[in-house]
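Per-entry structural report
Spelled out, the chains give:
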Protein chains: 4
Amino acid sequence: MNNIKRRICVVVTARPSYSRIKTALTAIQDHPELELQLVIAGSALLDRYGNAVDFIEKDGFKITAKVFMVLEGENPTTMAKTTGIGVMELTNVFYNLKPDAVVTIADRFETIATSIAAAYQNIPLIHIQGGEVTGSIDEKVRHANTKLADLHLVSSEDAKQRVIRLGENPEKVINTGCPSIDLAKQINSETKLNFNPIDKYGGVGSNLNWLDGYIVVMQHPVTTEYKNAKIQITETLKAIKELNYPAFWFWPNVDAGSDGTSNGIRAFREIEKPENIHFFKNMEPLDFLRLIKYSKALVGNSSTGIRECAYLGIPVINIGSRQNRRLRATNVVDVNCISNEIILATKKAISNGFYSSSEIYGNGSAGEQIAEILATEKLEFSKTITY
Amino acid sequence: MNNIKRRICVVVTARPSYSRIKTALTAIQDHPELELQLVIAGSALLDRYGNAVDFIEKDGFKITAKVFMVLEGENPTTMAKTTGIGVMELTNVFYNLKPDAVVTIADRFETIATSIAAAYQNIPLIHIQGGEVTGSIDEKVRHANTKLADLHLVSSEDAKQRVIRLGENPEKVINTGCPSIDLAKQINSETKLNFNPIDKYGGVGSNLNWLDGYIVVMQHPVTTEYKNAKIQITETLKAIKELNYPAFWFWPNVDAGSDGTSNGIRAFREIEKPENIHFFKNMEPLDFLRLIKYSKALVGNSSTGIRECAYLGIPVINIGSRQNRRLRATNVVDVNCISNEIILATKKAISNGFYSSSEIYGNGSAGEQIAEILATEKLEFSKTITY
Amino acid sequence: MNNIKRRICVVVTARPSYSRIKTALTAIQDHPELELQLVIAGSALLDRYGNAVDFIEKDGFKITAKVFMVLEGENPTTMAKTTGIGVMELTNVFYNLKPDAVVTIADRFETIATSIAAAYQNIPLIHIQGGEVTGSIDEKVRHANTKLADLHLVSSEDAKQRVIRLGENPEKVINTGCPSIDLAKQINSETKLNFNPIDKYGGVGSNLNWLDGYIVVMQHPVTTEYKNAKIQITETLKAIKELNYPAFWFWPNVDAGSDGTSNGIRAFREIEKPENIHFFKNMEPLDFLRLIKYSKALVGNSSTGIRECAYLGIPVINIGSRQNRRLRATNVVDVNCISNEIILATKKAISNGFYSSSEIYGNGSAGEQIAEILATEKLEFSKTITY
Amino acid sequence: MNNIKRRICVVVTARPSYSRIKTALTAIQDHPELELQLVIAGSALLDRYGNAVDFIEKDGFKITAKVFMVLEGENPTTMAKTTGIGVMELTNVFYNLKPDAVVTIADRFETIATSIAAAYQNIPLIHIQGGEVTGSIDEKVRHANTKLADLHLVSSEDAKQRVIRLGENPEKVINTGCPSIDLAKQINSETKLNFNPIDKYGGVGSNLNWLDGYIVVMQHPVTTEYKNAKIQITETLKAIKELNYPAFWFWPNVDAGSDGTSNGIRAFREIEKPENIHFFKNMEPLDFLRLIKYSKALVGNSSTGIRECAYLGIPVINIGSRQNRRLRATNVVDVNCISNEIILATKKAISNGFYSSSEIYGNGSAGEQIAEILATEKLEFSKTITY
């Protein structure tokens, strides 16, 4: 009998990726036949982007290695170089950790570094959340990750069919649902917001009266249009200010253009002094979901609106092209990045109220399923296209 | 009227890639609406791998930038890190050269560095020779390149259909044939070998009497089995020695395992002292094709056997899995890497004689077609999968 | 007769380095026997650190190459990795530019990347502003730069003697004075502040009434104590607030700990809302000197207090250990980083008034002297210690 | 009472460095208050340069981390870039290992990577074998290492005085002697060569009759003259061939130019077929010393001739500028790299016989002394020059 555990190395490079994988990490850690090797890299280590590493350690995970790799500049050139640094560094990490499999998550630009470092070293590569469709550089990266990966654990039936059409062996494509839905399920039975967001997380801006209803805003720059980031964020800021409804706003993550976005927010605050907006840098994942669950609507272009909000039934005003062609439930309304459109759609969403829960992105058991598959599936590092 | 030329940046990272792109380089350089930016990188700069850079300069090309990026070690770990270094360096090169489009060639491991450096910087990426099928890491890299690229100039109808099935816009997939066939066409009308290979290129080993017939051998390591490289090359060496037929043998290129291959050759020479083999490090591309054209057969696993030999009608004994599933003409016989199989197949091929020319990899106008497409096709850097 | 110009490659990696070298750049550019190759790298390219590149281009310099190399994190680990990236990138830049000599400036941590990239490639290396003494990592870097350099253009007689004691050939150590004094000389004859700082540069904070007198504050983190950066900056903030005298405050540059410093400033502003302080990110070098020239005192730990203020005769309250052991004129008073000490010393300095000009750091002709030396001095890349 | 061991991280980047530090590694490993963290990097990992890593593991050392960092090309450009990669990689290694002190050895070009990675992260840096004098890039690197290091364990009184003159605190400069002498001492009491070099190590070339006397040759390229490497090695080859005395010859290490040296040797062998020379790639350190001890003379430019041979009393014909100004005992004769000079000096040395032992580089207890100092000396990471 062989009682050596499979070593599963998961690379988390950003705050949102952590939320997307957290329940799988727990399930891997708890699985008797798996050993978790957790690598925290990129913006997940950085104060400016919410210091995800602190939450991860607070959640009780032991971090096996940390990798600084984000080059300053927040433009397409530094994104590319960051990825190159990531390949160099992660290669070394895998070489020394000798994992039995490496897990790469979704489609952020730097995730391809994880994929290359594993695939080139003949380490079986598992890709989580492939097969979806969006715009921008994410689209290229996601499908390239698919072509480098040996096993695909996708979040929806739609994604599963697409990965198979990309020439992957159907036996190696499994729809587990998205682990982010597992978190949504955990808090879905709570009946009220069990913390005061401003007391607990500080942040800056007005001390809102949010008890009678509020919205949440989260808008990331769209990479290939990064010069327009400032203009776009300003449209949304104008809309939210004019709505004059209490709003909790989250700063964007690290992408080319986020300086434009950040500068846009700073400039708007300095000049317009909006009184109905409070800004947060970040929040523990569960608290973030709680905040959304008790909101009247989520405004912006975050994938949370597409995924977790489908399950939670929260109205979403989805702005612009960032989530183009991602599978949607009925809770999502798409608008252009134009102040008036945002205002109208948000008003309507607030008055319409909540939706029933949709399981298009899973039923809340993704983490458990992923761990079980990692423990039992045959791990390979060689494949050829099916056609 | 706009008379600014499009700047086309082509990155050549290895000797064989140069042969594959040479006529396109000439056509780009000569095209009135194009400006060639030629970047030589990786093993193409290194003496140990045949110093392709010298041939390139001798052929009259002006080199815009050189990039050292090959990490020593020749194992999967250094292949991955080399790629990371390539991403960092090529990003810088493109940032400073500001090309209108970047061309990445085929499927060597480091070609994805070119793809990432271009795609992430929103530079339209043209991929040459995508859509084919092989084994090993090349397979993953080639299709990942396809998913990062915006325009696909493929070498066969088979490849074209496969790229389209991968979800690329059919209007962006064009079968130009392979530029390597252009070279084969150039020398196809010659009637005899117009140089003495040993006099012109030196090399080491026996001074063969090759005038009455000879074969050519070229066998690369198969990456994912690199520990077996030495065993495999020894099988072929034994076969060729036993055949006792004059043989010109080419050293392998830079891949994980090539040390195993090189060591295998060195050890065999030292111990077995084969008298019918002469070894070359490299040869000018046209001379290499001439040598093959007047040979009785090509033995090994080089893609030259699959492509140029199809057009030239030369019998090919294709060893092992490296060219698995690449489209073949009738000139190719597949054998396992077993001494006896190689001997039998080679004898049979020598006695059977030549084949008629096949145009499955093009008719010899690929270079011209590529240049014209680069001059006229709309250049874009954003796409979404077609399904 | 040989009329080929010497190619002099100067690498500027940060805003303050630009001020330190500007007049030399002009003199090199104007010199008939020199060709300037100007490389802008590191934080000089970044918006967060004042975008020195914009000022450089506005000043009419043509930039030969730009190099992104600052890794995010602002801690000792990312400082080291930034330096490694710098070595890789600058090596490539020099390889392609083929300069006859490379100039590295002073002692910031990343300047050793310039030194290594030049020295290892056998390019004569000129070090500007060696031989001084401070605390922190700068101290190690400066003298290591000296040991890698072939020609030393120092800023004071004191520095010259120290470089010679370090075993350098006395003929290769020349006291030109500091180019920053050249700038101070240019504005020293003006009779009043010819611009309104807030109108011209914006910034944030109170709209001061500065016409009747103001001070300038500039305090950088001390690298080896970076965890204390926030505490230290808060002491100074408290002092300046309590003084209740109009103050123009400059954000710190990029060093490990500057996040602590920045956070300290942001937190203090949010809570204490100081009404006598206006904050700037950066200013054109000449305007910065003008602002200082008409101030009552400079408070902080900037080297400007030690150098330019010596020449301008401005009282300086120098805080903490950062400028330890740098040669001082009589205008400098040293205090510990304790609120009360800062207040007392500043009050006294304001009431005492200005000092007469000192030329310990040069007489304002450094740029011209540097260019002339670069044009005429024998350039070598090999040396041995003198003892 | 604090019984936590000090973690001492030693970075070995090349085969010769291992010989230089081996007894110290053993003493650190055996010391009750020290924990050895052994990092093997650079050419020490590479087959082409003698695979030192195999000897290290065979000697019973546990390797904590391995770092591939040697860029192919063997020219000044790749030396510089290798160093940059080393800084990036070693920074990561130290960050994750958290050593209490880092040891950097001597003066090879890549040792400055260790120094920067440690010094910039505020880890106390111990430099072994500083303070000596040579030519070429080593000279610059060695003294730069001194200026980055906090504690200096030197090999001779001469070196100690030089480090102090470089401005280091005399209390931080300790003459332990060179650990390579410890090895020499270990084998000095043996009375005859206890192995057959050709049987045990293979190698290539003539099967010498060495029992009646032989010489050993070891000649490295001189970096700053790397284009001349081939010419230089050929002079020595001609001399040794003409001497017609049995000679064991060792291939050079990895430095810019070693390709020239290797090519020179290969070409000479192919054409001249010298019958009195047998070539080795490498040998276990003790066997190497044994081979020298029973030789009639050592010819070349290896530092072994200067150090170990002083202690062993072996005549040394030291060729060219590489060991310029290193402290010598009476056993060394210096010659130019001219065939006739080498022949004459070697003949004379063979006939003169052995020298009495000199302890200018230590008495054979360096390893023990180093370990004890590392266990007891105060470890600091901040310093200022003493003058």
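Described below are features of the structure shown in this document. Everything quoted here is computed from the prediction, not taken from an experiment.

Residues and elements named next belong to chain C. Here helix H7 (residues 179–188) crosses helix H15 (residues 366–376) at 140°, and the two axes come no closer than 7 Å. On the basis of the axis angle, H7 is oblique to H15. Note on element contacts: H15 touches H7 through Ala 366, Gly 367 and Ile 370, opposite Pro 179, Ile 181 and Asp 182. Among the residues forming the contact of H7 with H15, the class breakdown is four nonpolar, one polar and one charged.

Turning our attention to the interface of chain C and chain D. Interfaces are frequently sized by the accessible area removed from exposure as the parts join. Taken residue by residue, the interface counts 40 residues in chain C and 39 residues in chain D. Of all the secondary structure elements, the ones that give two or more residues to the side of chain C that touches chain D are helix H3 (76–97), helix H4 (111–119), helix H5 (136–148) and helix H6 (157–165) of chain C. Among the elements that make up the side of chain C that touches chain D, the one with the highest residue count is H3 of chain C (twelve residues). Of the residues that constitute the side of chain C that touches chain D, the class distribution is 21 nonpolar, twelve polar and seven charged.

In an α-helix, one full turn covers 3.6 residues, which means residues spaced three or four apart are oriented alike. All names here are of chain B. With 16 residues, helix H1 (residues 15–30) ought to run about 22 Å at 1.5 Å a step, and its terminal C-alpha atoms sit 22 Å apart, in line with that. Along H1, the largest kink reaches about 55° and is centred on Ile 21. Counted residue by residue, H1 has 13 buried out of 16 residues, so it is predominantly covered.

Of the transformation placing chain A onto chain B, the axial shift is 0.0 Å and the rotation is 180°, giving an RMSD of 0.0 Å. Taken together, the rotation and translation describe the operation of a two-fold axis.

On to the interface of chain A and chain B, then. Listed as interface residues are 39 residues of chain A and, on the opposing side, 39 residues of chain B. Looking at the side of chain A that touches chain B element by element, the count peaks at twelve residues for helix H3 (residues 76–97) of chain A. Here the side of chain A that touches chain B is built from residues that sort into 20 nonpolar, twelve polar and seven charged.

Aligned on chain D, chain C shows an RMSD of 0.0 Å; the corresponding rotation is 180° and the shift along the axis is 0.0 Å. When you check the interface residues of chain C against chain D, 98% turn up at the interface there too, and the contact is symmetric in its surfaces.

Residue and element names in this part refer to chain C. Along the chain, the position of Glu 33 falls in the loop between helix H1 (15–30) and strand E2 (34–41). In this structure the C-alpha to C-alpha distance between Glu 33 and Lys 5, which are 28 residues apart in sequence, comes to 4.8 Å. Once residues lying within four places of it in the same chain are set aside, the contact partners of Glu 33 are Lys 5, Arg 6 and Ala 375.

In this section: the sheet that holds strand E5 (residues 125–128) of chain D. All names here are of chain D. With parallel pairing, seven strands are arranged side by side in an open sheet as E3-E2-E1-E4-E5-E6-E7. Unpaired on one side and paired on the other, strand E3 (65–67) and strand E7 (173–175) mark the two borders of the sheet. Pairwise comparison of adjacent strand axes, ignoring direction, gives a mean angle of 20° for this sheet. Alignment of E5 against strand E6 (residues 151–154), held across three bridges, turns out to be parallel. Opposite Ile 126, over in E6, you have Leu 151 as the bridge partner. In the packing of helix H4 (residues 111–119) onto the sheet, contacts are made with strand E1 (6–12), strand E4 (101–105) and E5, and the angle to E4 comes to roughly 160°.

Basis of the calculations
Residues numbered from 1 in each chain as written. Chains lettered and ligands numbered in written order. Predicted model: local features only at pLDDT ≥ 70, side-chain atom pairs only at ≥ 80, totals over all residues. Axes fitted to C-alpha atoms, helices over the stretch in contact; angles between N-to-C directions. Helix = DSSP H or I, 4+ residues; strand = E, 2+ residues; numbered from the N terminus. Parallel < 35°, antiparallel > 145°, perpendicular 65-115°, else oblique. Contact = placed C-beta atoms within 7 Å. Nonpolar A, V, L, I, M, F, W, Y, C, P; charged D, E, K, R; others polar. Expected span 1.5 Å × (residues − 1). Bend = angle between axes of the 7 residues up to and from the residue. Buried ≥ 20, exposed ≤ 12 C-beta atoms within 10 Å, placed from the backbone. Least-squares fit on C-alpha atoms with pLDDT ≥ 70 in both. Pairing = 2+ DSSP bridges.

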